[in-house]
Each structure stands twice: as C-alpha cells, then as structure tokens.
Amino acid sequence: MMADPAAATPLAHRAPGADLAVVAAIELGGATLLGAFLLADDSRLIVALLALLGAAFALLQIRPALEERIVAAFRRAQGAALGLGLAIVLAYPFAMQGNSYALHLLVVAQLYAVLALALNFQLGSANIPNFATGASYGIGAYASALLAINFGVSFWLTLPVAAAVATGFGFLLGFPSMRTRETYLALVTIAFGIVVHQMLNNLEWTGGPNGLVGIPAPTILGHSFAAPIEVFGHRLPSQANFYYLAAALVALAIVSARRLHDSRIGLAWNALRADELAARCQGINVVWYKMLAFAVDAFLAAFAGSVYAAYVSYISPDNFTFLVSVTIMTMVIVGGMDNTLGVILGAFLLTLLPEKLRIFADYRLLFVSVVVILFLILRPQGLFPQRPRSYGGRQ
Amino acid sequence: MTVPLLETRNLSIRFGGLVAVSGVDLSLSAGETLCIIGPNGAGKSTLFNLISGIYRPGAGTVRLDGRDITGWPAHRIAAAGIARTFQSSRLFGDLTLVDNVVIGMHCRTRTGVLDALLRPRRARAELEAAAERAGELLRLVSPGLHERRHRLAGTLPQADRRRLEIARALASDPKIILLDEPSSGMDDRDTDALIEDIRLTMTERPGLSYIIIEHDMRLVAALPERVAVIDYGEKIAEGRFGEVRLMPRVQEAYLGQKAAHA
Amino acid sequence: MDAFVMQNLLNWLVLGSIYALVALGFSLLFGVLDVIHFSHGDVSIVAPFVVLATFQALVSTAFPVGTAGALVLASALAILAVGLVGVLADRLVIRRFRNAPAMMALVATVALGTVIRELIRMVYPQGSNPKPFPRLLESRVQLGDLAVPLFSLFVIAVSVLMMAVLFAVMRYTPLGMRIRAVAEDRNIARLMAIRPGRIFAATFFLASAVGAIGGIFFASYAGVVRFDFGIQLGLIGFSAAVIGGLGSMQGAILGSLLIAGIDTLVQATMVEGASYRLVFAFLLVILVLVLRPSGILGRPVMEKV
C-alpha cells in the first residue's frame, strides 16, 4: 500500500520542468473536467465524463507509482501549484459562460467542502464520530440569519457571533465524549442533531417548519452580493459573489486544516485515533483534544451555515437534518480520511453527482447510494488515502 | 534519609470480588533499576496500570519525588515524569516511526491551538525540532529503526516494536520508565539483542530509573539491581536476584506453578 | 384507576412493544456481529408493504381464505420475506464490512437504508405516497370501564411471546448456543466446527423477521405507511437498543419501554406534546448515555492492558 519513499528518490533528480508540467496538467485537466461536467446538459456526456473520472482513479489504483509521482511533483513545485490553483479558482467564474446554475452548484459544493473539512478534524484526524455537523451548520445559519433579520446586524459581524454560538454547541456536544465512546458517542451526536432539528422545527422565533425568509445579502464597500459583478466589461451573475466568498472560506478551512495537521495538535488527534489509551500514557489530555475536535468542527460548520443562509436568503429546518450530517460524513469517508484534497473532492462529487443526475430523476438517490456502497467496498481507504507527514528536507 | 523517587504505600485495587493488587509497598531511588517478577496473573501489569494512572487505586498512595500523585489521570502522571511501555505493544500503527516518537514528546512541547493556527512558523519549527530529536533518539535505541524512521510503525516486526516503544517512552524525558515484559513474544536471539539495546540506553541515560516486569530470567539476571516478587497481588519478597531466587516462598510461587503446568 | 391514565399506560405498552421488536434486532446483530446495521429500520418497514401487496393479491384472486385469513397469510409471508431481505442485506453489503472500522459500516448501512427506501418507492405502485394500512383487530374488549382495543392486547401479547421465543432460542437451542459462541469469539467458534457464515445468516433472518413484525404493527398502529417510515423507526429502535446497552436483549426491551414512556408521557401531558415528543425522547437518550456511557445494562468495557 504505502510505497517506499526510497523508491521515489531517483525521481528527485528530474528537471523541475517535468514537475511543473505534471502540476499544470493535473490542475488544468481537473479544472477542465469539472467545467465540462458542470456545463454538460447531455446525459451521455455526463456519463462519459464520469467514466473518464472513474478511469483516472482506476489507473491510480492499478499504478500506485503514478500517484507517488504526482504527489512528489506537487511537493517540489509547491509554489507554482499554489499560484496556478489560485489563478484557476479566481478565473473560474469567467469560464462558466454566465451559467448561473453551474455557479450555484459550485457555491454549494464549496460550502459542503468546508463542512466536510470541518468534520475531517474529528472523523479523519481523531476518528471521533459526529452525526451533528449538520446541526452545527444549522445553528450557524440560524444565528446569523436571526441577527441579520431581527437586529439588522451586518453579515460580517454575524459571522463571528454565529461561529461562537456554534462553538459553544460543539463543546456541549463534546462533553459526553469524556466518557462515552464509539457507537454510544455516535448516538449521542445523532440525538443532539435530532433535538436541534426538532427545536428549530417547533420554536416560534425560528419560524417553525417554515423557517426564516428574507435573509439580507451581505454588502461590501457598497456592493451588494445580490448584484452581478462587472469586471473588465465582463458581467458575472450574482452567484459569483458567493462563489468567491465560499472559495475564501474553503481556503480558510484548508489553511486551518494544514496548520493543525502539521502541529502537535494534529499529532495528538492522530494518536488518540490509533490508540486512546496509549495516547493518554504519552501525556495527551484525551478529553480536551476530543472536545477541541468537536469545537473546531462546529466553528467551521457555522461559517458555512452563515454563508449558506445569506446566499439562499431562505432557510428551514429541513436543510439541517440527520441525513445532511450523514451526507457530510460520507463525503469525508469517500474522499479519504485525514486527506484535505480527498475530502474536498469527496464533497464535490457527492454534491454535484445527485444534481447532475437529475436527468435520471427517480433513480438518482438510488444510484448515488449504490455508488457510495460500492465505493466503500472497492476503495475503503477513500479517493485519496491519508499520507504520512513529512519533515524537513524529506520528499 | 532522602525521599525516594517513586514510592508506593499499601497500593491496592480490586475488580469485583477479585483482589488484583493488595498492599504493595515499593520504593525506587533515582538511577535505580527494579525488576518485578512473579507468575502469570500475579498482578504485575495491574501494578503498572495503577502507577501510570490507567486504573485508580482502591487504596494506598503513589508518590513521585515526595508528591502525592495517587488518582491523577494518566496524562498528568506521564507529564510528571513516568513513561511506560505495554506488554502487547501499543504503537500508533498508522503513523511513521518519527511521528510515534514525536507524540511521545507531547508533554515536552507547547504549541496550542491558537499557536498552531496563528503562528504556524513557530508550531512547524517546534515540530521539526521534535522530529530531529526523535531521529536521534531512534538512532540511540537502534540504528536499524533510524533507517526506517519514515515507515509506518504498523509494519515493524515484534522486536522492533518493543524498541520503538522504548524510544517513545524515552522521548518524554521521563524520570522513570516502566517496561512491561519487554521480551514477551520474542525468541532468545531477539531477547539478547534487546537486552543489549536496553543496557546501552541505560548507560546513555544514567540518571534514569527503571521498573521492569519480566518473565525471562536471563533478562532479570542480566539487568536489574533489585528484584521484587509479586504473587496473588502481594509482594512476597524483595532483594537481590541471587538471594530472592533461593527464598522458599518464591520457589513455591514459581515452581509450584511450573509444576502445575508440566 | 382513571380511564385516561389507563389509556396512556396501554398506549405506552403498545408503543414500547413495537419499539422493542425493532430494538431487539439491533441488539442481537450488534451482539453477534459487532456491526451497527443502520438500515434495520428500513428492512423492517418493507414488511407492511409486502403485506399490502400480497393482501390485495390474495383478496382479488378468488382464493378462499377470507379477509382475516388473507391478512394472516400475507403477514406470515411478509415476515418470511423480510427475514430473507435481512440475509440478503448481509450477503450483499454488510458482510464486507465485518473487519472495517465501525464508522464505515455505519455509513455503508445508512446508504443501504436509502437504497431500500428508494427501492420501495420505485417498486411499489405510487410508492412516494402514504399508503393506508388496515388497522388490525378493531373490536374492543370491555375491561372495567375501559374499552380496550383488541389490537393493543394483541400487540403486547405477540411481542411478549416473540421476546420469550427469542430468549428461549438464544438460551436453550443449539442454534442459540452457536450464535452465542460466534458472538463470543468467531475464530474459536470456527474451531468448534461452527460455520460463522451460516450463523450470521441465521441471526440476520431472526432479527429481520422479528423487526418485520414490529414494522407491521407500526404501520397498523399508525393506520398508514410510507416508504420513509423506516428512518424514524430505525432511529428509535437503534436508540432504544443503545441506551439499554448494545448486545443485551433485556436492555433493548428496557430502552424501548423508556423511550415509549417519555413519548407517551409528553403526548399525554404537554399541550404541544406531539411536536416535542422527539425532542424529549432524544434528550432522554443523551441523559442516559451521559450517566451510563455503556447503556443501562451494557457492561462497561474494561480495556485489557
């Protein structure tokens, strides 16, 4: 499974040009594939593109050396990879040919990517089950929306407040994890999720089952996010505003994930994932790290919730059900636990797949579920499995 | 009289009706090695679990450097300076050897969540330094391990798992290391090599104290200065190995059991 | 005693019995396989649909069984069929996650639940709509000044009987012995010439068949059934099994009675009881698990060090 790092050393002497070519090919190829998929209307084309993606992963499965080569290239040409990636993300809305539906899908997919990354801190790094990410997402959305509607608070100010409220909820949620574990803990989080959903559904000030309507769009320097963007004579649909906001949030989530992963915190989480008792004996305060994982998850999920509320301007309890939490969980597992890129890809796939498969109308949910099950059986390590940390000059 | 480094008084625990450890007094001074022997199921590992905070004693006290640490949670006891290995080695199998050792330094490193998020350079530098030291530790315990330091711990053979556990225990800069049957599950050749490695580490770190649970009498004869014998949860003898092995009660506990197995 | 109180006590027992029939399956499967079969609720809810389909078929053919006979026959068929659905679920999906991390099996069975729901919706004519389900035994018996629906007594009696049968099977039959042996240690059981594969199949059949009875009662109690009723039934059954202590059959029954108890109590005493019943039921779940991390009758896991 794990390729020997020593085997990769001969590659280290290759010209940097080769690395740049690999990075550019992967990034541009991925972006093109995604774009074609988003803009495709013809069901045959959609299926063909999916088959292409499947073939790419089959190739990686059969030839692990290829994967090593790609990873090595990205490590060595880190700066270029980052710059090109950033340019692609910034330019992407312009390539969508003013297709607001495609942009909408990208916004939603990015928000789910943030949610999946949030859950990844827990599930991926520390292997703590949490079926209440959807609830934290909802708490963030409602907190932000209620502040904006009832008190006219600016969206940018509601963000930290919503995050703080949800983080409090995260700690509350994490509290039973002091003693409860595994399936029992999973049920505690399921129960919390259901209680939150039912409360949102029943309370008067949350609008009951009808939810909240008329959530104002954020403004920045007088530009409303509900208005289209005009740049260099180009006119981007209003969704583009939220596309960039969501992209910034994804970037924030990625940076947080990387920084925590490459620190003592990430190691402590990994330790308690592998063996909780041994972790305790290394001086790791397991209770604190578990609570922390819950809090970080809730914090990021609340950000996603606030943006979602402002984006769709209408939220109801049914946006934040148990099944939403399960979907987020599936994204993490399908993408690859503790692998940032994998988790994002998992989120994109599981958001876009059902949407683009609307042509199959009735069979869509069935199809997606079957794919998930097959996937868990055939590639249990996820699209991109977790990779060992690297230190210092090591490739 | 100076205060012993570690001292247990009347240490006891029972599980349901079973008295697993009862009234054990031990004392260990700095730089000393104590070996605990006794038949299977005598309560030796339970004793370790009491000292390292995995179980909370039903009665009795544990003192470290004169400070009462009875009933402290395991992570605080580890931070206070007691490291340990496990009888069935418990490594972090899906992490690299370096990561395993760096985790062992958890209570000697400081980065908190906000540091990690807002001062990444600092957090990263701390981790890099820890990895550097981890590499040296691995080299000290066994050059073979150092070579494979970027492999996953789960792939190691039994003897190397033990060595890695010892390296991980050393990483926390402990005052005392508890080794729970380091030779269990190993053949004679591996055991000899392990004894050599342990001896080497002992000379490298002279101030460190050890408590070793052991079955292999060669290891017992080779390493420690003092031996305590546990049977049915009680300490039945203590002294130099040469003397203790001749005591009738000890022979009874051992040979009686061996005879029953024959 | 007050008729209102009596009525609610009865209601409690009926609801508790239905939940217990589902919860027992969760507990049994976890005890034997260490696997959470999250789609158990969805498997169970297949039963009322089989009953509806076969019942209509039996009545429309001139098969001389009468309405009651047709219903009994349809139910028997449904129980058998659902038992096989359970075995199939294991063979096709769950079996592949025996040695996988718990959360993977959980997510896989949640997806399996969606597959089952979607299949019901697509296979059954107009499957998206709620289907009226015949209320069984609508006549009432006079007990003191309370007219007790025969259905309630029937549900309670059948559930108690099923629990007794299940206990007897587990304790006194060779099959039960083998199941317990596999639950204890499947490798050692294999040395004893027990084939774990068969035992798993038998356990799935047993659990699903008992769940099917619960599913039929649930539909009949509600008077209606919809393809997605399995989610809630499964969640409640799962919760009951967990707070009772997974693997303990008595625990599953106790958990069911607790959840049904709070459910009935809230509905009987609160003005908005019907909307808040789930809130209180799941607050109870949290409370129990905070106080008893391994469930009420679950043995705390003492890790061997």
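From a predicted model like this one, the values you see are computed outputs, not experimental measurements.

Participant: Can you help me understand the overall build of chain A in this one?
Facilitator: Across its full length, chain A carries 15 helices and six strands. For a compact globule of 395 residues, the expected C-alpha radius of gyration is about 21 Å, and chain A comes in at 21 Å, within 12% of that figure. Taking the principal axes of its C-alpha atoms as reference, chain A extends roughly 65 × 60 × 45 Å. The proportion of buried residues among the 395 residues of chain A is 51%. Considering only contacts in chain A between residues 6 or more positions apart, those separated by 24 or more positions represent 77%.

Participant: Just to check I follow, could you spell out the interface of chain A and chain B for this structure?
Facilitator: Many structure descriptions define interface size as the accessible area lost when the parts assemble. Opposite the 30 residues of chain A that make contact, chain B presents 36 residues. Elements with a contribution of two residues or more to the side of chain A that touches chain B: α9 (239–261), α10 (264–274), α11 (276–281) and α12 (286–312) of chain A. A total of seven residues in the side of chain A that touches chain B trace back to one element, the largest contributor, which is α10(A). The residue makeup of the side of chain A that touches chain B, split by class, is 16 nonpolar, seven polar and seven charged.

Participant: Would you explain the sheet that holds strand β10 (residues 234–239) of chain B in this entry?
Facilitator: Residue and element names in this part refer to chain B. With mixed pairing, the six strands of this open sheet are ordered in space as β6-β7-β8-β3-β9-β10. Here the strands that pair on one side only, and so sit at the sheet edges, are β6 (82–84) and β10. Taking each pair of neighbouring strands and ignoring which way they run, the sheet shows an average axis angle of 20 degrees. Two elements, strand β3 (residues 33–37) and strand β9 (residues 226–231), share four bridges in a ladder whose sense is parallel.

Participant: Would you mind showing me how to read the confidence of the model for chain A here?
Facilitator: Any segment with low pLDDT has predicted coordinates that should not be analysed in fine detail. Averaged over every residue, the pLDDT of chain A is 90; the share at 70 or more is 95%. When the elements of chain A are averaged for pLDDT, strand β4 (residues 229–231) of chain A gives the smallest value, 85, and helix α6 (residues 133–151) of chain A the largest, 97.

Participant: Any chance you could explain the sheet that holds strand β5 (residues 67–68) of chain B here in plain terms?
Facilitator: Remark on secondary structure: sheet strands pair via backbone hydrogen bonds, oriented parallel or antiparallel. Residue and element names in this part refer to chain B. Spatially, the four strands line up as an open sheet ordered β2-β1-β4-β5, and their pairing is antiparallel. Among the strands making up the open sheet, the edge pair consists of β2 (18–28) and β5. Sheet topology note: the strand β1 (residues 6–15)/strand β4 (residues 59–64) ladder contains five bridges and is antiparallel. Its bridge partner being in β4, Thr8 is matched across the sheet by Val62. Helix α1 (residues 44–51) contacts β1, β2 and β4 of the sheet and is inclined by roughly 65 degrees relative to β2.

Parameters at a glance
- Residues numbered from 1 in each chain as written.
- Chains lettered and ligands numbered in written order.
- Predicted model: local features only at pLDDT ≥ 70, side-chain atom pairs only at ≥ 80, totals over all residues.
- Helix = DSSP H or I, 4+ residues; strand = E, 2+ residues; numbered from the N terminus.
- Rg over C-alpha atoms; globule rule 2.2 N^0.38 Å.
- Buried ≥ 20, exposed ≤ 12 C-beta atoms within 10 Å, placed from the backbone.
- Contact = placed C-beta atoms within 7 Å.
- Nonpolar A, V, L, I, M, F, W, Y, C, P; charged D, E, K, R; others polar.
- Pairing = 2+ DSSP bridges.
- Axes fitted to C-alpha atoms, helices over the stretch in contact; angles between N-to-C directions.
- pLDDT = per-residue confidence, 0-100.

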